[in-house]
Amino acid sequence: MNPAPEPRATLRLSPDRVEDAAALLRAGDLVAFPTETVYGLGADAGNGQAVAGIYAAKGRPSFNPLIVHVPGVEEVERLAVASARARDLMAAFWPGPLTLVLPLRDGAGLSPLVTAGLPTVALRAPAHPLAGTLLQEVGRPLAAPSANPSGRVSPTTADHVLGGLSGRIAAVLDGGSCPVGLESTILGFGDGGPRLLRAGGLPTEALETALGERLILDTDPARVAAPGQMASHYAPRGVVRLNALLPKPGEVMLGFGPVPGEITLSPSGDLQEAAANLFGALHQLDAMGAQRIAVAPIPETGLGRAINDRLRRAAAPRRD
Ligand code: TXA
Ligand code: MG
């Protein structure tokens, strides 16, 4: 009988080894890489076996669609059909934390696992310079969900990635901490006009101004095939209580602005700073073994909407 194969050690690649990371991806291996939002777990989006590897490494329970990362607007044409409005948004916000869900183009050459068989594809051009260089070097679109085991907190450092996926992926390209710290905002273009599918790193107000209309988060599960919408996503291990002004006995306090905590998202109440610190703080709470977590109120404006969305999911009843 053959022994089970040893798990392969995961390489930590410094930014000057971006070509090595690209070579691994071209060969069908999985490589985590930094984006301005969170670390992504990348695979060649045209290689079905590589994309299947993403689901296996994350322990993702079902084939939910993945975001396809491209260097810029020029690469969209081959993959999707972009309306004039979608093009305007790409011109305004790419590269950046905005994902657009567009009709898939015939012959796009993406593995059907990437789109989970849907007739649409989610596309984004990340603003992180290392991600941009990597995409240019690979020369193929990369499917990349957040580089964390399914149901756990998204990674904003290479250490977070290794903490969750070490031995299950070929390498992580270490670009330090992600400046935005929250996943991209996702906008769908259906028949009824633009729909906000996920609040994220691009504040909703910026999109509303560009589109000239109000956007309401579309949470209809029949229409939103989005695992980011699963109730208990983004969860730390401890039980989470929101809008707390003081910790109860046994709770670790996560502070914001005027409400201090053992960990504080932003002492000055700056939402951008809080967004950048959020997932790191949740990882830190896990590392501390926090069983009960109280979270200070966060205003529901700008990036606060996306922060609150992630916190509500973290506080939702667990499936496991
Ligand atoms: O900031 C980000 O978006 C990060 C970085 C790595 O780019 N990626 C990320 O990927 O958050 P992931 O897989 O964790 O979340 C992708 C979301 C899911 O909620 C998925 O259901 C949705 O995008 N999605 C992907 N394709 C879709 C489609 N065709 N229609 C609707 N939703 C889609
Ligand atoms: Mg995710």
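For the structure itself, look to the data block above.
Residues numbered from 1 in each chain as written. Chains lettered and ligands numbered in written order. Predicted model: local features only at pLDDT ≥ 70, side-chain atom pairs only at ≥ 80, totals over all residues. Heavy atoms only, no water.

Asks: A description of the nonpolar core should follow, citing residues and the corresponding values.
Replies: Leu102 and Leu123 are the most contacted members of the largest nonpolar core, which totals 49 residues. Here this core gets five residues from one element, more than from any other, and that element is helix H2 (residues 48-58). The contacts of Leu123, once residues within four sequence positions are left out, are Ile67, Val68, Val70, Val76, Leu79, Ala80, Trp94, Leu98, Thr99, Leu100 and Leu102. Counting 32 residues, the second largest nonpolar core, distinct from the first, contains Val252, Ile263, Leu271 and Leu282. (Core = buried A, V, L, I, M, F, W, Y, C linked by side-chain atoms within 4.5 Å. Buried < 20%, exposed > 50% of the residue type's maximum accessible area, 1.4 Å probe, protein only. Helix = DSSP H or I, 4+ residues; strand = E, 2+ residues; numbered from the N terminus. Contact = heavy atoms within 4.5 Å.)

Asks: Go over the sheet that holds strand S6 (residues 120-124) with me, naming the residues and quoting the values.
Replies: Taken together, the 10 strands give an open sheet; going across it, the order is S1-S8-S2-S3-S7-S4-S6-S5-S9-S10, and neighbouring strands pair in mixed fashion. Two strands in the sheet have a free side with no partner beyond their single neighbour: strand S1 (11-13) and strand S10 (193-198). Where strand S4 (residues 67-69) and S6 come together, three bridges link them in parallel fashion. Following the sheet pairing, Ile67 is matched in S6 by Ala122. Sheet contacts for helix H4 (residues 84-93): strand S5 (98-103), strand S9 (185-190) and S10; angle to S5, the most-contacted strand, approximately 160°. (Pairing = 2+ DSSP bridges. Axes fitted to C-alpha atoms, helices over the stretch in contact; angles between N-to-C directions.)

Asks: So, the sheet that holds strand S13 (residues 263-264): which residues are in play, and what are the values?
Replies: Strand order across the open sheet formed by four strands is S11-S14-S12-S13, with parallel pairing between neighbours. Every other strand in the sheet has two partners, leaving strand S11 (239-241) and S13 as the edge strands with one partner each. Relative to S13, strand S12 (residues 251-255) runs parallel, the two being bridged by two bridges. Among the inter-strand pairings, Leu254 is bridged to a residue of S13, identified as Ile263.

Asks: So what's going on with the pattern of salt bridges? Which residues, and what values?
Replies: Taken as a whole and judged by the stated rule, the model has 18 salt bridges. A salt bridge links Asp44 to Arg140; the nearest nitrogen and oxygen atoms lie 3.0 Å apart. Placement of the pair is Asp44 in strand S3 (residues 40-44) and Arg140 in the loop between helix H6 (129-138) and strand S7 (142-143), with a sequence separation of 96 residues. The class of Asp44 is buried, set by a relative accessible area of 7%. The exposure class assigned to Arg140 is partly exposed, which follows from its relative accessible area of 36%. One salt bridge connects Arg195 with Asp218, and the closest N-O pair in it is separated by 2.8 Å. One end of the pair, Arg195, is in strand S10; the other, Asp218, is in the loop between helix H8 (204-211) and S11, with 23 residues separating them in the sequence. (Salt bridge = Lys/Arg side-chain N within 4 Å of Asp/Glu carboxyl O.)

Asks: Tell me about the packing of H4 against H8, and please be specific about residues and values.
Replies: Put simply, H4 and H8 touch, their axes get as near as 11 Å, and they point 130° apart. With respect to H8, the axis of H4 lies oblique. The way H4 lies across H8 gives a crossing that is right-handed. Contacts between H4 and H8 involve Arg85, Leu89 and Phe93 on the former and, on the latter, Ala206, Leu207, Ala210 and Leu211. Looking at the contact of H4 with H8 residue by residue, the class counts come to six nonpolar, no polar and one charged. (Parallel < 35°, antiparallel > 145°, perpendicular 65-115°, else oblique. Left-handed = near helix turned anticlockwise from the far one by under 90°. Nonpolar A, V, L, I, M, F, W, Y, C, P; charged D, E, K, R; others polar.)

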